[in-house]
Structures are given as structure tokens and as C-alpha cells.
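Secondary and tertiary structure notes
Chain by chain, the residues:
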Amino acid sequence: MQLKKYSLVICLVLVIAISSFADVWKVAGDYTFPPFTFTDDKGNYIGYEIDLTKALAKEMGVEVKLINAAWSGLIPGLNNGNYDSLITAMTITEERKQAVEFSDPYLKVGLVVVNKPNRNDVNKLEDLQGKTLAVQIGSTGDITASNMKGVKKVLRFETSPEAFQAVINGAADAAVMDGPVARYFIKTTPGLLKVAIPEFTEEIYGVVIKKGNKDLLNKVNTAIKNLQENGTLDAIYNDWFAN
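Presented here is an overview of the structure given in this document.

About the criteria used
Throughout this document, residue positions are counted from 1 along each chain, in the order its sequence is written. In keeping with the predicted nature of the model, local features appear solely for residues at pLDDT of at least 70, side-chain atom pairs appear and are counted solely at 80 or more, and the whole-chain, interface and lining totals rest on all residues. Hydrogens and water are ignored here; the side-chain numbers use all heavy atoms of the structure. Numbered from the N terminus, helices here are DSSP runs of H or I no shorter than four residues, and strands are runs of E no shorter than two. Relative accessibility thresholds used throughout: buried, under 20% of the residue-type maximum; exposed, over 50%; partly exposed, between the two (1.4 Å probe, protein chains only). Here, two residues are considered to be in contact whenever any of their heavy atoms come within 4.5 Å of each other. Pairing between two strands requires that DSSP report at least two bridges joining them. Only the stretch in contact is used when a helix axis is fitted, and all axes are lines through C-alpha atoms; the angle between N-to-C directions ranges over 0 to 180 degrees. Salt bridge, as used here, is a side-chain nitrogen of Lys or Arg placed within 4 Å of a carboxyl oxygen of Asp or Glu. The aromatic pairing rule takes the rings of Phe, Tyr and Trp, using the six-membered ring of Trp, and pairs them if the centres are within 6.5 Å, calling planes under 30 degrees apart stacked, those over 60 edge-to-face and the rest tilted. A pocket here means an open set of points on a 1 Å grid, computed over the protein atoms alone, that has protein on both sides within 12 Å along at least five of seven lines. A cavity is instead a set of points where a 1.4 Å probe fits but cannot get out; residues with an atom within 4 Å of a point line either one. Grid points are joined across faces, edges and corners, and a volume is the space filled by probe spheres set on the points. Gly is put with the polar residues, along with every residue not named as nonpolar or charged; the nonpolar set is Ala, Val, Leu, Ile, Met, Phe, Trp, Tyr, Cys and Pro, and the charged set is Asp, Glu, Lys and Arg.

1. Overview of the side chain of Thr-91
Its place among the elements puts Thr-91 in the loop between strand 5 (85–86) and helix 4 (94–97). Judged by its relative accessible area of 5%, Thr-91 falls in the buried class. Ignoring anything within four residues of it in the chain, the contact list for Thr-91 reads Arg-96, Phe-102, Thr-140, Glu-203, Ile-204 and Tyr-205.

2. A few points about the sheet that holds strand 10 (residues 153–157)
The strand order across the open sheet built from five strands is 10-9-11-8-12, with neighbouring strands paired in mixed fashion. Because the sheet does not close on itself, it has two edges, and the strands there are strand 10 and strand 12 (194–197). The sheet shows a mean angle of 35° between the axes of neighbouring strands, taken without regard to direction. Bridging between strand 9 (residues 132–136) and strand 10 involves five bridges; their strand directions are parallel. When the bridges of strand 10 are listed, Ala-134 appears paired with Leu-155. Each of strand 8 (111–115), strand 11 (174–178) and strand 12 touches helix 7 (residues 179–188); the most contacted strand, strand 11, lies at about 120° to it.

3. With respect to the pattern of salt bridges
Counted according to the given criterion, the structure contains 10 salt bridges. Arg-119 is the partner of Asp-121 in a salt bridge, and the nearest nitrogen-oxygen pair spans 2.6 Å. For Arg-119, a relative accessible area of 23% corresponds to the partly exposed category. With its nearest N and O atoms 3.8 Å apart, the salt bridge here joins Asp-121 to Lys-131. Placement of Asp-121 in the loop between strand 8 and strand 9 and of Lys-131 in the loop between strand 8 and strand 9 is noted, with a sequence separation of 10 residues between them. Asp-121 sits in the partly exposed class, given a relative accessible area of 32%. Here the residues in one salt-bridge network are Arg-119, Asp-121, Lys-131 and Asp-173, joined through shared partners.

4. Focus on the packing of aromatic side chains
Under the definition given, this model contains 12 aromatic pairs. Taking 5.0 Å as the distance between ring centres and 50° as the angle between the ring planes, the aromatic pair formed by Tyr-237 and Phe-241 counts as tilted. Of the two residues, Tyr-237 and Phe-241 both sit in helix 9 (residues 232–241), four residues apart, roughly one turn of that helix. You can call Tyr-237 partly exposed: its relative accessible area is 35%. Grouped by ring-pair contacts, the aromatic residues Phe-33, Phe-36, Tyr-48, Tyr-106, Tyr-205, Tyr-237 and Phe-241 constitute a single cluster.

5. Examining empty space enclosed by the protein
This structure, assessed with the given rule, holds one cavity of 30 Å³ or more. Quantified by volume, the largest cavity comes out at close to 70 Å³. Lining the largest cavity, in full, are Phe-33, Trp-71, Ala-89, Met-90, Thr-91, Arg-96, Gln-136, Ser-139, Thr-140, Met-177 and Asp-178. Split into classes, the residues belonging to the lining of the largest cavity amount to five nonpolar, four polar and two charged.

6. Notes on the pairing of strand 1 (residues 24–29)
Summarising the sheet, strand 1 and strand 4 (residues 63–68) pair through six bridges and their orientation is parallel. In the sheet register, Val-27 faces strand 4, and the bridge partner there is Leu-66. The pairing of strand 1 with strand 5 spans two bridges and is classified as parallel. Bridged to Val-27 within strand 5 is Ser-85.

7. Overview of the sheet that holds strand 5
The strand order across the open sheet formed by five strands is 4-1-5-14-6, and the pairing between neighbours is mixed. On the outer flanks of this sheet lie strand 4 and strand 6 (100–102), each paired with one strand and no other. Bridge count between strand 5 and strand 14 (residues 208–210): two bridges; the pairing is antiparallel. Counterpart to Ser-85 in the pairing with strand 14 is Ile-209.

Worth remembering: the numbers are spatial, not functional.
Structure below.
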């Protein structure tokens, strides 16, 4: 009798957990990363990946709860069960694949180097020797800058705007950042920065899922495939990057 009671409790817990995801998909990201994920003047979350997340949720038939979290805590929070997925301009790397699952790719970008418009001393990667670089901590920009030979120092910041501000203020000579993020900053704050070195890497983004959750991974991959085939992914891309 006691065993039956325990079995019933376990079954109820499992049913509640499954139903809970069936109703609400908890998706986290660093919402200080325009044009991918950021906040408008009214406090609403907007951006390419916000629209992508909503489209994926609709395709999967679930509600979505958006959670703003610091970049450095995203993967630990995912593995701790604080959220179901991350959609936050995270590049698929072999190192990260040891800790999490990645969906099929949904976007390809590249890293660029930006500095102040009045500086002409950075035109190629070799020019970064002896320079101080600003990056977002834990990003592929951070990894790439840290592996550059001859770089004087790498300054790490929690958000991309802080990294850009370090260059503007003169604390850093240049910043290494994802191309769309750098160009959006330049477009919305004209005259402060320029792209000194255009895309020199290939960064492929995927939805991040807790290691071993193959069921959710398969659902997300199916949704991405459907959105590619019905033109929704292209439409979202054009809304944010066509110009």
C-alpha cells in the first residue's frame, strides 16, 4: 500500500512537470544585446530573438515566459533548472556543447572590431598587438580577443554597451563584438564608434537547452525547420536586418 502511494506521488509530480512545460516555455537571455534582445522605452522586451522566440513558441503550441538574466549566469541557471532554454545570440562552440545541447542553427554572423572614428591605427588584426580590447565576458568575442597574440589587455564587461562605452571613454582601444550588435550601436548612436575591421570569424547561433533534454531539443529543431520552410525565419530576419 505504501509503495502504491509513493508511486502515485511520483506520477503526479511527473504529470505536473510535463503539464507545466506544455503550458509555459521559460526562455532566458541577456536583454542588453540589441538588436537581438533588449528593452524599449516602455520596458517591453524586443529584438530579433524576441520575435524568434515568440514564433517558435507559437509553432510549438506553448506559451512563452521571457526571463532577463545576466550573460555570465545563463548556462549555470539553465543547468540549475531556472529556465528551459536560452535564446540569446549564443554561438555554437565545441566547448559549450560539452555543457549544453544546441539546436540546429538559426543565424550566422561574424565578429568585428570597432574603435573611435578619429583613430586610423587599426585596420587589420595584426594592428591589435599592444592594444587594450573591450569584450562581453564569456562571449566568443572574449575568447577570440584572449587568444590574440600580442594584445596588451582584455577588459571584460557584463554587457555589450559597457564594452562599447569603455572604447568611447578611452579605457580600451577597441572592442571585439558580434557584427550586428556593433552595427546597431553605431546606427543608433552615430559618431561615437566605427567598424575598423569587418567580420573576420563565423559565428553560428542556436537555441540552448539543458544537456540530455532530447525531447525539447527535437521539438525546437522541428519548429526551426518549419519556420525556415514557411518563410517566417526570413521575415523576422528582414524585419531587423534588411536595411
